[in-house]
Every structure is written in C-alpha cells, then in structure tokens.
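Here are the chains, one letter per residue:
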Amino acid sequence: MLSLSHILESQLRAAMQRAFPAVEAELNPQLVPASKPEFGDFQANGALPLAKPLKQPPRQIATAIVEQLLKDPTFTDLCLEPEIAGPGFINLTLRPERLAMEVASRLADERLGVPAVQAASPVVVDFSSPNIAKEMHVGHLRSTIIGDSLARVLEFRGHPVLRLNHVGDWGTQFGMLITHLKQVAPEALETADAVDLGDLVAFYREAKKRFDDDEVFQATSREEVVKLQGGDPVSLKAWGLLCDQSRREFQKIYDRLDIRLSERGESFYNPFLAAVIDGLQQKGLLVTDAGAECVFLEGVQGKDGKPLPVIVQKSDGGFNYATTDLAAIRYRFGSGPDGDAARRVVYVTDAGQANHFAGVFQVAERAGWIPDGSRLEHVPFGLVQGEDGKKLKTRSGDTVRLRDLLDEAVERAEADLRSRLAQEERSESEEFIHHVAGTVGLAAVKYADLSQNRITNYQFSFDRMLALQGNTAPYLLYAVVRIAGIARKGGDLDASTTQLQFTEPQEWALVRELLKFDAVIAEVEEELLPNRLCAYLFELSQVFNRFYDQVPVLKAEPEALPSRLALCRLTADTLKLGLGLLGITTLERM
Ligand code: ARG
C-alpha cells in the first residue's frame, strides 16, 4: 500500500499547511503503519511535535488537522473519518471499498502492485566469488544464495543488474600450483580434462605442502609467478587450465541452484592496478612504510594506537586483494569503455571481511572514486555452523562439500516424501517423487539460509529446514499447493469481472496482509535483507491458513465465493512471486 500511503502523506501535509499556515518549520505528518489492526491502517503522529511551537495541546492540533482533512474530498474518498487517540495521534482507516479496489488491481497486475523504478541505474552485485583451485565452501554457498536473491529483487524492481563473480583467479598461489602441475602432470598441459576438481583440491594441498617444505620448489614457484605476470605463454596455459577446471565444477553447483553469474575474476583488473597506485599518489594519500606502499586509515587504529594501513603495493612490487578491489571500484563506477557506470555496488561476503571492505571503501572515498549520490555497500553475513554451534564439518571432521550437502538435502526430502505418501496411501510416479524431492530439498537449503537475519551465525540443520511446520520452505510450498488444490476445485475465476466484497475479519486480515507486499519489496531493496521477505511470506501463509480454516471458501455462499477465491489466488500469486525472488520454484502438488 505504498502508493496509498504516499497519497495520504501529501493529503496530510496539505491539511497541516492549511490548518497552520504560520508554522515556519517543515510540517511532517509522521505517517506510520498502525501498530494494531484496531487502530486502523495508519497512524499520523505529526501533531505532537507542533505542540511546542504552536503552544497548543497536541490533541487540539490533531483536531484542527482532521478538520482540514475532512474538507478534502480526495481524502474522504480514501479514508473513513479519522480518530484521535492518546495524546494526539491521528488514526486512519482506509475505506473497505478502496481496499477491495486495491486487491482487484493487484489481481490484474502481474507485478502485484510493485512499481518498476523510473530512473533505472546499473547495480553491481558481487557475490559467490570462490577461489580457483580451492573448493567452494559453505560460506560461498551463503554468498551465492543471498547474492542471487538480492539480485533478483533488484532486477524485479527494474534495475539493470550485473551479477559479478569476482573469483580469486590471481595471486601468488598460482606460482606453486603451476610449478606443481608442470612437474606432476605435464600431460594436463595438453588436455583440459586430465584432472578434476576433487583432485584439484588435493592437488592444492600437495602443492602447498611442497611449497612449505621444499626451498627449491619455493624458489621455482616464485619465478613462476613472475613468468605468469610477465605473460609467459606456457604459464598462462597452465593457469587457464586450472581456472577452466575449477570453473566447470563451480558451474555444476550454479546450474543445480539455478544461479546466473558473469565471471569477472581478479585477473580482469590486472591492467588497472598500476593506475590505482598512481591515482593514490596524485591524491597525496600514499605513504611508503617499510618498503610497502600504504594508505593510512582515518579513525581506525591498531592495538598500539597507531592508524592501520591498507597496503596497496607490497615491498616486492606485487599488488594484493585490496589493490584489486580498488581497481574494481573504479571500474564499476567508471563510465566509458572501461566502466560499468554503476550507481550502487554491493558485495556479499562473510562478516570476516568487514574490515577489508571498510578500509577499501574509505580509501576509495578519500581518493574521490565514489561518485556523488552512489552507494557502495558491504552485505556481510555470519558463519555457517553445525548443530553443535561449531564450524560445519562432516562426521569425519572434513569440510563439507557443497554437492554432498545438496545431495543430502534432496535425499532427505525424498525420504520424507515417501513416508508421507505411504501414510496418506497415495501412489505417485517416480518422476513426480524426484521432481518434488529435488525442488523441496534445494528450496529448503536456500530458504533456511535466507530466512535468518544474515548478520547472525546460522546453524545448519537438515531436520529443521525440511520440517513441514514453522518458517520453512516446505511450509510455504505447501501453502501454495493448498491454494492450487482450491483453484482446481473452485474453478479459476476471472477476477476482472467480479466486484470484490469482504465481510469477515479473517478476510480483512488477509486483504491487509496481501497489500503489504510492495512495501516489503521496497524494504528489501533498500536494506538488502532477504529475511524480511521470508518473514512476510511466512506471516502471509499463516494469515491465509487462518482464513482458510475459519471461513468457508469452496462451500461459501454464491455471492461470497468469487471474492474468497480471488483472495486465494492473490495469495498464491504473492507467494509464488515472493518465493521466486528468493530463487525458489514452487509446486502445484507435493
Ligand atoms: N574470493 C573471496 C573469498 O573467497 C571473495 C571475493 C569477494 N569480492 C570482492 N570483490 N572482494 O573470500
């Protein structure tokens, strides 16, 4: 009801101006959603702060505002007569016929009342971003799921979104990887499929061990880095092979989770690193400290009380993670051929990188690389923990592989489904069982992650995420299935020809809940918190279930039936669209 609240706000402001033309200060209606349904839909608190300048009791001020409101026919069309409560709050209740009109207009609108942005500007969402030759871990899974959902919301609002996979495909570790590759698997340089990522992770470990133990190997690795950076063709070939191999493995996970990403790894920014140093030099921000080029941060001290540096060039001349991120910021905000012209750049990583981003953002800001009016945001999230509250591990103590984790979710969903079917004495095809289990298993993993406030650590529990009760994917998917069943039995109606009418309190509660959808989307777009959308969808399903359990729908009187079916349909549409924005597909039967 965002558009209605905007209209109300300007009506209130105008009424305040008419009532108190002499007030110099800006008149603010302070319109907020009503805290309880019995207070109506909105509450305007703007009379209270006027008591002092006007030297009048706030209730009297509220009365004067209401008097003016009632003279405005556009207001009386929209609302019932306002009530003044407490010290001078103005309670506003929308007219039932206006609410019914809103429901009808959403039913006819495939965007369900969520407007598309007028001035769309590019947004970069930097997410997933695993490191080459290392396995993607659960932290990357969180980034992938949260980042994808944020990208979907921003896209739905009409922003052009660049979904960037900032893979770690550059750095000194490639020296040892290439050296090891050349020595133990020279044949891999001829064929791309000689090693697979399972091996590549072990391969990384082997290389690292040799690097730590063997000085000759270490020296060769260092030379290899120089060769690679100098563009030596054989080194580049080996590097490309390692990247391809990882990429193929990552892609399998993305395909399973239905995630689209454009890879633009750290190596992409190599040509722009030197300019970062020059730029910082020109701005007078660079300080040489023990041979390294640094920018000292303002307001950030280390334990010794001295300002902390962001190192942008090491004493050996090499650049690092922060330098690459500075180059990436310039590129993303930049215009022209070497730029994305973004106006909002969002990074989805674990909270452990908060200091890195705070430092880099400060340097970029002081260098003048963040255009006015644009936003640069770190979207941090907590750790994934096991049910014991410790770092998620397999029984044998190894790190959990993503594909095993997804497999297990689907297997468990399948076992749950088979036992439910047996209980209900239903027989379904194997195809149905696989489709449902596949959808529910992945939905459960995604939803469990998204429904948590991302800032907090999150305890991974298959039992909890797959439960049919509670704030879970199966509960929401089941609500959609329930409504699909109602539609099959009630016949799908053409809402455009129906005059909607509601009488029962459960109907009104559902109407009001449905009409919050646009405000929730606006909030997620602003605050980048998908758990707000989850909480809303869960609440909506609960309000719907209460309505459906307490008010006859299929057995309703003929005059009430179309309006009730319309509510069912709008609920299903809202759940489907909302879950879709979380990257979750729904089912018609389960
Ligand atoms: N590769 C990094 C990691 O695995 C994440 C990169 C995030 N994006 C960025 N622009 N720094 O932790």
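Note that the structure is a prediction, hence the values are computed from the model and not measured.

Chemist: Let's hear about the overall build of the protein chain: which residues, and what values?
Modeler: Within the protein chain, the secondary structure is distributed over 21 helices and 14 strands. Principal-axis analysis of the C-alpha atoms gives the protein chain an extent of 85 × 70 × 45 Å. Counting the 590 residues in the protein chain, one finds 51% classified as buried. Carbon and sulfur atoms form 51% of the exposed surface of the protein chain, whose accessible area is close to 27,500 Å². Computed over 65 positive and 83 negative side-chain charges, the inter-centroid distance for the protein chain is 2 Å.

Chemist: So, the site of the ligand: which residues are in play, and what are the values?
Modeler: Close contacts around the ligand come from Asp126, Ser129, Asn131, His140, His166, Tyr321, Asp325, Tyr347, Thr349, Gln353 and Phe357, and that covers them all. Between the ligand and Asp126 there is a distance of 2.8 Å, counted from a nitrogen atom to a side-chain nitrogen or oxygen. Residue Tyr321 places a side-chain N or O atom 2.8 Å away from a nitrogen atom belonging to the ligand. Out of a free accessible area of 350 Å², the ligand has 90% covered by protein chains.

Chemist: Residue-level account of the sheet that holds strand S9 (residues 292–301), with values.
Modeler: Reading across from one edge, S8-S9-S10 is the order of the three strands in this open sheet, with antiparallel pairing throughout. Every other strand in the sheet has two partners, leaving strand S8 (287–289) and strand S10 (307–313) as the edge strands with one partner each. The average undirected angle you get between the axes of adjacent strands in this sheet is 55°. With three bridges connecting them, S8 and S9 associate as antiparallel partners. Along S9, the bridge assignment pairs Thr288 with Glu293. Against the sheet, helix H13 (residues 354–366) makes contact with S9 and S10, and its axis sits at roughly 100° relative to S9, the strand it touches most.

Chemist: Can you break down the pairing of strand S6 (residues 161–165) residue by residue, with the values?
Modeler: Consecutive residues of a regular strand have side chains that alternate between opposite faces of the sheet. The element S6 is largely enclosed, with a buried count of four among its five residues. Bridge count for strand S5 (residues 123–126) against S6 is four bridges, and the pairing is parallel. Each residue of the ladder has a partner; that of Val125, found in S6, is Arg163. With helix H6 (residues 138–156) bridging S5 and its parallel neighbour S6, the resulting β-α-β unit is right-handed. As paired elements, S6 and strand S7 (residues 262–263) share two bridges and run parallel to each other. Across the sheet, the residue bridging to Asn165 is Glu263, located in S7.

Chemist: Provide a residue-level description of the packing of aromatic side chains, including the pertinent values.
Modeler: Scanning all chains against the criterion turns up 16 aromatic pairs. Ring centres 5.7 Å apart and planes at 45° place the aromatic pair Phe357 and Phe361 in the tilted group. Note that Phe357 and Phe361 are positioned in helix H13 at a spacing of four residues, about one turn of the helix. Like Phe357, the residue Phe361 is buried in the burial classification. Of note, Arg264 hangs over the ring of Phe268, and the distance from its end group to the ring centre comes to 4.8 Å.

Conventions we followed
Residues numbered from 1 in each chain as written. Predicted model: local features only at pLDDT ≥ 70, side-chain atom pairs only at ≥ 80, totals over all residues. Heavy atoms only, no water. Helix = DSSP H or I, 4+ residues; strand = E, 2+ residues; numbered from the N terminus. Buried < 20%, exposed > 50% of the residue type's maximum accessible area, 1.4 Å probe, protein only. Areas by Shrake-Rupley, 256 points an atom, 1.4 Å probe, with all protein chains shown as cover. Lys, Arg positive; Asp, Glu negative; His and termini not counted. Charge placed at Lys NZ, Arg CZ, Asp CG, Glu CD. Near = heavy atom within 4 Å. Polar contact = N/O pair within 3.5 Å; in protein donor to acceptor, adjacent residues only side chain to side chain. Pairing = 2+ DSSP bridges. Axes fitted to C-alpha atoms, helices over the stretch in contact; angles between N-to-C directions. Contact = heavy atoms within 4.5 Å. Right-handed = clockwise from strand over helix to strand, strands pointing away. Phe/Tyr/Trp six-rings, centres within 6.5 Å; stacked < 30°, edge-to-face > 60°. Lys NZ or Arg CZ within 6 Å of the ring centre and 35° of its normal.

Honestly, it's all geometry; don't read function into it.
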